Amino acid sequence: MPQIHADSPSHDEPHAVPLRILFAVFIALLFFTFLTVAVTWVDLGSLNLWIALAVAVIKAAMVCLYFMHLRWDSPFNGFIITISFIFVALFIGLALLDSVEYQPNYQKPSIATDTGGG
Amino acid sequence: MSTANANHAQHSEDVRQPQLAHHFDTLEQQYSSAKLGMWAFLATEILMFGGLFCAYAVYRGTHPEVFLYAHHFLNTFWGAFNTVVLLASSLTMAWGVRAAQLGNKPLLVLMLLLTLVGGCSFMVVKYIEYSDKWEHVSHHGSGSFSLFAGSRNAFYTEEGEFTDPTAVGQAVRYGESKQHHDEHAIAHTNQAGDLHDAPAKTLEHQSKHATEQGHQIVDATAAKTLDFKSVQTRPMPTDRSDIRRPAPAPQGLSEAFEHIGGIPAPYETLADAGTGHSVVTWEDLDDRQQGLVSQFFQIYFMMTGLHGLHVLIGMGLITWIMIRALRGAFGPSYYTPVDLVGLYWHLVDLIWIFLFPLLYLIH
């Protein structure tokens, strides 16, 4: 097999991902999909959401690292995608802080009698 | 960076590959630049979906019971099925990139074809899901988009059909919500005047009209043909292979009903009881929350719609790559487009990985 990316940071690794790894990742992804469905059969309160999210993050990481080659790719590409995820989390986290903080005020009938808005 | 790279650079000055653009020194440089650009693009895609996920998080955070109620209209089986389909097509895509890297043209074309089949299956299932929801709306004949308008959709069955007025699910819904609707129907009629004769003035009036009609249909047929008690205690079907059957009411409703002795209990009561199933019924939602049910569907359609658009674009790109592959455009020294389209396809998979549990598996 020709070594086609000699400038890659890890040129010892073959760039074509071995089929063994691809299938192992696929099986793991299927398992986690089953897990995320199975978790809803048990009521764990708010923990359900966090488990579902954690499973989704693990699955996303596996797709990024192996299917998208980030494990063998330039670290800068991984940096870009990680930063974008962090900013989305920051965005959602701050928005949630704000809206959850003020939601009780909206639900007081004396303040909001109309059903519009949110 | 290394000797191999330097050799390659010298070599490329002698024989310049046709794929190498003039502003790049080597194919490697061109490849890594293209890849960097693709990753930057993918980051903006994630940020774009981030806006929708934010809307989702805020509405779910402020109205959890609405989401808990409304998500019963989504079919977990189809959601999980589509997850598996997308994962499998991601596998074949990654396999295709590998085939391109190794210069195996027939395998590359085969893998791209399989990926395309995966994309098609995904869209077919999406079509089934969307058209089911569309049917619910159009069958009311009101012209108003009831799911969006947030009107009384208590008669809709989960992924079921509304064509058979004696459908079990509707009867169950009817039995549970009869009293509530009787009260509200009176109030609505008083407000809206004679809805049956006058052309409806607003969407709101139209949907109320439709609901009253639906109410009457069920009233006439269900009362004499069905024993509500036996229907409600029937165990929920576990075989989900025949999705088009008249579906039961949103899962768990019957259990909730037994659990609270036939009296609709508020959401908090059900949740605190800790009996394994905290179920929100239409009656648990106050008027304001009932109006907010449409928000769930707005978010659902926006998120899955934008995602579906990405699937379609990805399928177009894969077709383009496949045609080029058939012409022998790719080999071990040049497969950048295959790789980048692969990255795009994996991103589509990535977003679905988050969409599926958040929309279909609300607990």
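All values derive from a computational prediction rather than experimental measurement.

A. The overall build of chain B, seen in detail. Assigned secondary structure in chain B consists of 13 helices and 0 strands. Listing each helix as α and each strand as β along chain B from the N terminus yields α-α-α-α-α-α-α-α-α-α-α-α-α. Taken over 363 residues, chain B has a buried fraction of 56%. Here the analysis covers contacts within chain B between residues at least 6 apart in sequence; of these, 75% occur between residues at least 24 apart. Accessible surface, chain B as shown: approximately 14,800 Å² in total, 61% of it carbon and sulfur.

B. Representation of the overall build of chain A in the model. The secondary structure content of chain A amounts to 3 helices and 0 strands. Along chain A, helices (α) and strands (β) appear in the sequence α-α-α when read from the amino end. Burial statistics for chain A: of 118 residues in total, 37% are counted as buried. A separation threshold of at least 6 residues defines the contact pool for chain A, and within that pool the share at least 24 residues apart is 48%. Carbon together with sulfur atoms contributes 72% to the accessible area of chain A, which is approximately 6,800 Å² in total.

C. Fine view of a nonpolar patch on the surface. Where nonpolar side chains cluster on the molecular surface, the patch consists of Phe34, Trp41, Val42, Leu44, Leu47 and Trp50 of chain A and spans about 690 Å² of accessible area. For Trp41 of chain A, the location among the structural elements is in the loop between helix H1 (19-39) and helix H2 (47-67).

D. Examining the interface of chain A and chain B more closely. At the junction of the two partners, chain A supplies 56 residues and chain B supplies 58 residues. Between chain A and chain B, roughly 5,100 Å² of surface is buried when both sides are summed, and carbon and sulfur atoms account for 76% of that area. For the interface between chain A and chain B, the tally reads 1 salt bridge. Between Lys35 of chain B and Asp73 of chain A there is a salt bridge whose closest N-O contact spans 3.3 Å. At the junction of chain A with chain B, the criterion picks out 3 residue pairs in polar contact (both at pLDDT 80 or more). Residue assignment for the side of chain A that touches chain B shows that the elements contributing at least two residues are H1, H2 and helix H3 (75-107) of chain A. For the side of chain A that touches chain B, the element with the most residues is H3 of chain A, which contributes 15 residues.

E. Molecular detail of the packing of aromatic side chains. According to the stated counting rule, one finds 23 aromatic pairs over all chains in the structure shown. Here Phe85 of chain A and Phe354 of chain B contribute two aromatic rings whose centre-to-centre distance is 6.3 Å and whose plane-to-plane angle is 40°, an arrangement assigned as tilted. Taken together, the positions of Phe85 of chain A in helix H3 and Phe354 of chain B in helix H13 (residues 336-360) put the pair across two chains.

F. Structural detail: the nonpolar core. Ranked by internal contacts, the top residues of the largest apolar core, which has 99 residues, are Phe67 of chain A together with Leu42 and Phe296 of chain B. Here this core gets 18 residues from one element, more than from any other, and that element is H13 of chain B. Excluding anything up to four places from it in sequence, Leu42 of chain B contacts Met68 and Ile81 of chain A together with Leu343, Tyr344 and Leu347 of chain B.

G. Just unusual backbone geometry, in detail. The phi dihedral of His69 of chain A falls on the positive side, at around 65°, and the residue is not glycine. By the element assignment, His69 of chain A lies in the loop between H2 and H3.

H. Spatial organisation of the environment of Thr33 of chain A. Following the sequence through the fold, Thr33 of chain A ends up in helix H1. Put simply, Thr33 of chain A and Ala56 of chain A are 23 residues apart on the chain and 8.5 Å apart in space, counted from C-alpha to C-alpha. Here Thr33 of chain A is in contact with Lys59 of chain A together with Thr83, Leu87 and Phe356 of chain B, once residues within four sequence places are set aside. At a separation of 3.0 Å, a polar atom in the side chain of Thr33 of chain A contacts the side chain of Lys59 of chain A.

I. Local environment of helix H12 (residues 287-326) of chain B. Relative to the 58 Å expected for 40 residues at 1.5 Å per residue, H12 of chain B spans 59 Å between its end C-alpha atoms, a close match to the ideal helical length. The positive-phi residue at the C-terminal boundary of H12 of chain B is Gly328 of chain B, with phi of around 80°.

J. Quick peek at the layout of surface pockets. Looking at the largest pocket, its volume works out to about 1,200 Å³. Only H2 and H3 of chain A together with helix H2 (27-62), helix H3 (64-70), helix H11 (267-273) and H13 of chain B provide two or more residues apiece to the lining of the largest pocket. Within the lining of the largest pocket, the residues separate by chemical class into 30 nonpolar, 10 polar and 2 charged.

K. Summary view of the confidence of the model for chain B. Residue and element names in this part refer to chain B. The predicted model of chain B averages 69 in pLDDT, with 54% of residues at 70 or higher. Predicted confidence for residues 213-234 stays below pLDDT 50, and this span has 30 contacts to residues more than four positions away or in other chains. Confidence drops under pLDDT 50 across residues 240-277; counting only partners more than four residues distant or on other chains, this segment forms 76 contacts. Here the prediction assigns the complex a pTM of 0.67, and the interface score ipTM is 0.80.

L. Representation of the pattern of salt bridges. Summed over the entire model, instances satisfying the criterion amount to 3 salt bridges over all chains. The network of salt bridges with common partners includes Asp73 of chain A together with Lys35 and Asp339 of chain B.

M. Just the packing of H2 of chain B against H12 of chain B, in detail. Residue and element names in this part refer to chain B. The contact between H2 and H12 brings their axes to 10 Å, and the two run at 165°. With respect to their mutual orientation, H2 and H12 come out roughly antiparallel. Judged by the twist between their axes, the crossing of H2 over H12 is left-handed. Facing H2, whose interface residues are Glu45, Met48, Phe49, Leu52, Phe53, Ala55, Tyr56 and Tyr59, H12 presents Gln295, Ile299, Met302, Met303, Leu306, His307 and His310. By residue class, the composition of the contact of H2 with H12 is 11 nonpolar, 3 polar and 1 charged.

N. Region of interest: H1 of chain A. In a regular helix each residue adds 1.5 Å, so 21 residues correspond to 30 Å; H1 of chain A covers 30 Å between its end C-alpha atoms and thus fits that length. Regarding H1 of chain A, the residues found buried are Ile21, Leu22, Val25, Phe26, Leu29, Phe32, Thr33, Thr36, Val37, Ala38 and Val39 of chain A. In the core, the buried residues of H1 of chain A are packed alongside H2 of chain A together with helix H4 (76-101) and H13 of chain B.

O. Main features of the side chain of Gln101 of chain B. Residues and elements named next belong to chain B. By secondary structure assignment, the location of Gln101 is in helix H4. A residue is classified by how much of its surface remains accessible, and Gln101, at 2% relative accessible area, is buried. Of note is the side chain of Gln101, whose polar atom sits 3.2 Å from the side chain of Tyr335.

Definitions and limits used
Per chain, residue numbering runs from 1 following the sequence as it is written. By the order in which they are written, chains take letters starting at A while ligands take numbers starting at 1. Local features are withheld for residues below a pLDDT of 70 in this predicted model, meaning they are given only at 70 or higher, and side-chain atom pairs are given and counted only at 80 or more; totals for whole chains, interfaces and linings count all residues. Values reported for side chains reflect all heavy atoms of the structure, with hydrogen atoms and water molecules removed beforehand. Each helix corresponds to a stretch of at least 4 residues labelled H or I by DSSP, and each strand to a stretch of at least 2 residues labelled E; elements are numbered beginning at the N terminus. When accessible area is computed with a 1.4 Å probe and restricted to protein chains, residues below 20% of their type maximum are described as buried, those above 50% as exposed, and intermediate ones as partly exposed. Should any heavy atoms of two residues lie within 4.5 Å, those residues are counted as being in contact. The protein chains shown are the only cover counted for residues, whose accessible areas, like all others here, come from Shrake-Rupley with a 1.4 Å probe. Each patch is built from residues that are more than 30% exposed by relative accessible area and take part in no salt bridge. Like charges join if they lie within 9 Å; nonpolar side chains (Val, Leu, Ile, Met, Phe, Trp, Tyr) join within 5 Å. Here a salt bridge means any side-chain nitrogen of Lys or Arg lying within 4 Å of a carboxyl oxygen belonging to Asp or Glu. Summed over both partners, the accessible area lost on bringing two parts together, with a 1.4 Å probe, is the buried area. A 3.5 Å cut-off defines polar contacts: any pair of N or O atoms within that distance qualifies, except that in protein one atom must be a possible hydrogen donor and the other a possible acceptor, and neighbouring residues in sequence count only when both atoms are side-chain atoms. Two aromatic rings from Phe, Tyr or Trp, using only the six-membered ring of Trp, form a pair when their centres are within 6.5 Å; if the ring planes differ by under 30 degrees the pair is stacked, by over 60 it is edge-to-face, and anything between is tilted. Side-chain atoms within 4.5 Å link the members of a nonpolar core, which is a set of buried Ala, Val, Leu, Ile, Met, Phe, Trp, Tyr and Cys residues. Every helix has an expected span of 1.5 Å times one less than the residues it contains. Points on a 1 Å grid over protein atoms alone make up a cavity when a 1.4 Å probe fits among them but cannot get out, and a pocket when they form an open set with protein on both sides within 12 Å along at least five of seven lines; lining residues each have an atom within 4 Å of a point. Grid points are joined across faces, edges and corners, and a volume is the space filled by probe spheres set on the points. Side-chain classes are defined by residue name, with Ala, Val, Leu, Ile, Met, Phe, Trp, Tyr, Cys and Pro counting as nonpolar, Asp, Glu, Lys and Arg as charged, and the others, Gly among them, as polar. The predictor attaches a confidence to each residue, and that confidence, scored 0 to 100, is pLDDT. Only C-alpha atoms enter the line fits that serve as axes; for helices the fit covers just the stretch in contact. Angles between N-to-C directions range over 0 to 180 degrees. Comment on the angle field: the value is read as roughly parallel under 35 degrees, roughly antiparallel over 145, roughly perpendicular from 65 to 115, and oblique elsewhere. By definition, turning the near helix anticlockwise from the far helix through less than a right angle yields a left-handed crossing, and turning it clockwise yields a right-handed one.

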